[in-house]
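Reading the structure
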Amino acid sequence: MPLRITKSPEGVEIVQVSHPSGSRTEINMYGCTVTSFYPASSPDRDVLFVSEKAVVDGTKAIRGGIPLVFPVFGASPDMPNHGFARISNEWKVDSVNQHKQPDEVESDLTEVWFVLESNEETRKYWPHEFTIKYQVQLRAESLQTALHVVNCDDHVIEFQALLHSYFRLPSDISNVRVEGLKGVSYFDKVAGSNATEEGDELAVTGETDRVFANAPDRIHINFQDENKRRIVVEKWAQVEGETQERNSDVVVWNPWIEKAKGMGDFGDDEYHHMICVEPGRVSAKEKLQPGKMYILKQTISIEAAQ
Ligand code: TA6
């Protein structure tokens, strides 16, 4: 059975998805937060990071995995930080599909659709009608997650959306390089100023919190592990029916020492072994016409470092 639904000790529904190759992923139904991804080639090492101090009882956004940021990024009046999607209890499992190519286990996929519809809770924060369908596709060596935002209202809706992915690092953050952002302008939230990435690879040597606008669609997280592998994050954004892809951004975040100490749901030393590389649209608001659907997709995989 590709899907099992259990209850956590804290009483939250956990959706466990498996793949014929042995890869697996888990989704905590609080905020529909993907909390683990084990590729078939990495059965004992989670590609995603969840803090050992994360609160997973449905009372606080989960510190790790892939929290869903919608309809705002960061702080906004009368709205939870990063919006309500990642703290909603109203997410539901919508459907499960398994596409089998019998002779190609690698391309087999197990797919789960989740849904969040606008409700009285969301209307308190954001007076618009919408449906979000969240697609989680598991293959042998990759995990794809995609937000599908449908404007169910009679007017244009404007929002930010981001897949706030936390990655576990097999080696120390000092060995990590984020590749693919050379020449991309960014807003440095630590310095409070704009800059442009000069290097082929971004090294993390202190608190790092950068919004790279209109970033390339393929980013590598290179680290020196014994298997010489890297994490690849590929992103894609489009409004259904349009021929052109929509521009999208990448946020790179590591809290470093002081911010790590300041988060009660994050271990003081955990910044050594995690980095966030977050695809989304936050440098500008997406404007979505009535009846239209905006899709934001990421594919996470690991591969041999070139
Ligand atoms: O995506 C980076 C960021 O915006 C950082 O500024 C930091 O606030 C992080 O998100 C975590 O936010 P949270 O609300 O989950 O503590």
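Let me begin by describing the structure that accompanies this report. (Residues numbered from 1 in each chain as written. Predicted model: local features only at pLDDT ≥ 70, side-chain atom pairs only at ≥ 80, totals over all residues. Heavy atoms only, no water.)

Structural notes on the pattern of salt bridges
Rules: The salt bridge criterion pairs a side-chain nitrogen of Lys or Arg with a carboxyl oxygen of Asp or Glu, the two atoms within 4 Å. Runs of E in the DSSP output that reach at least two residues are strands. Runs of H or I that reach at least four are helices, and both are numbered from the N terminus. Residue burial is assigned from relative accessible area. The probe radius is 1.4 Å, only protein chains are included, and a residue is buried under 20% of its type maximum, exposed over 50%, and partly exposed in between.
Enumeration according to the criterion identifies 19 salt bridges in this entry. In this structure, the salt-bridge partner of Asp265 is Lys60, at a minimum N-O distance of 3.3 Å. Linking Asp265 in the loop between α2 (256-262) and β20 (274-288) with Lys60 in the loop between β4 (33-38) and β5 (68-69), this pair joins segments that are 205 residues apart in sequence. According to the relative accessible area criterion, Asp265 is buried, its value standing at 3%. Exposure remark for Lys60: the relative accessible area of 35% places this residue in the partly exposed category. Across the salt bridge formed by Asp209 and Lys189, the nearest N and O atoms sit 3.8 Å from each other. One end of the pair, Asp209, is in strand β16 (residues 208-212); the other, Lys189, is in the loop between β13 (185-188) and β14 (193-196), with 20 residues separating them in the sequence. Assessed through its relative accessible area of 11%, Asp209 is described here as buried. Because the salt bridges share partners, they merge into one network encompassing Glu179, Arg218, Arg230, Glu234 and Glu303.

Here we look at the packing of aromatic side chains
Quick note on the threshold: Ring pairs shown here join Phe, Tyr and Trp side chains whose ring centres sit within 6.5 Å, with only the six-membered ring taken for Trp; geometry is labelled stacked below 30 degrees between planes, edge-to-face above 60, and tilted in between. Each ring is checked for a lysine NZ or an arginine CZ that lies within 6 Å of its centre and within 35 degrees of its normal; such an atom marks a charge sitting over the ring.
Counted by the stated rule, this structure contains 15 aromatic pairs. Considering the side-chain rings of Phe49 and Tyr166, the 6.3 Å spacing of their centres and the 20° angle between planes classify their relative orientation as stacked. Pair noted here: Phe49 is in the loop between β4 and β5 and Tyr166 is in strand β11 (residues 166-168), with a separation of 117 residues, a long-range link. With a relative accessible area of 2%, Phe49 lands in the buried category. Over the face of the ring belonging to Trp236 we find Lys297, whose NZ or CZ atom lies 4.6 Å from the ring centre.

Let's talk about the site of the ligand
We count it as follows: By convention in this text, a residue qualifies as near a molecule or strand provided that one of its non-hydrogen atoms is within 4 Å of it. Throughout this description, a polar contact denotes any pair of N or O atoms lying within 3.5 Å of each other; where both atoms belong to protein, one of them has to be capable of donating a hydrogen while the other can accept it, and for residues adjacent in sequence the pair is counted only when both atoms sit in side chains. When residues are grouped by polarity, Ala, Val, Leu, Ile, Met, Phe, Trp, Tyr, Cys and Pro land in nonpolar, Asp, Glu, Lys and Arg in charged, and all others, Gly among them, in polar.
Close contacts around the ligand come from Arg63, Phe73, Asn81, His82, Arg86, His164, Lys189, Asp209, Val251, Trp253 and Glu278, and that covers them all. His82 is positioned with one of its side-chain polar atoms (N or O) 3.0 Å from an oxygen atom of the ligand. Contact between the ligand and Asp209: an oxygen atom at 2.5 Å from a side-chain N or O atom of the residue. Partitioning the shell around the ligand into residue classes produces 3 nonpolar, 3 polar and 5 charged.

Comments concerning the nonpolar core
Our working rule: In this description, a nonpolar core means a group of buried Ala, Val, Leu, Ile, Met, Phe, Trp, Tyr and Cys residues linked to one another through side-chain atoms lying within 4.5 Å. A contact between two residues is defined here by any heavy atoms of the two lying within 4.5 Å.
Phe70, Trp91, Phe114, Tyr134, Phe167, Ile221 and Ile275 are the most contacted members of the largest nonpolar core, which has 62 residues in total. Looking at which element gives the most residues to this core, the answer is strand β8 (residues 130-138), with 5 residues. The residues contacting Phe114, other than those within four sequence positions of it, are Val15, Ile27, Met29, Cys32, Trp91, Lys92, Val93, Asp94, Ile132, Lys133, Tyr134 and Val136. The next biggest cluster of nonpolar side chains, apart from the first, holds 9 residues, and it includes Met263, Phe266, Tyr271 and Met274.

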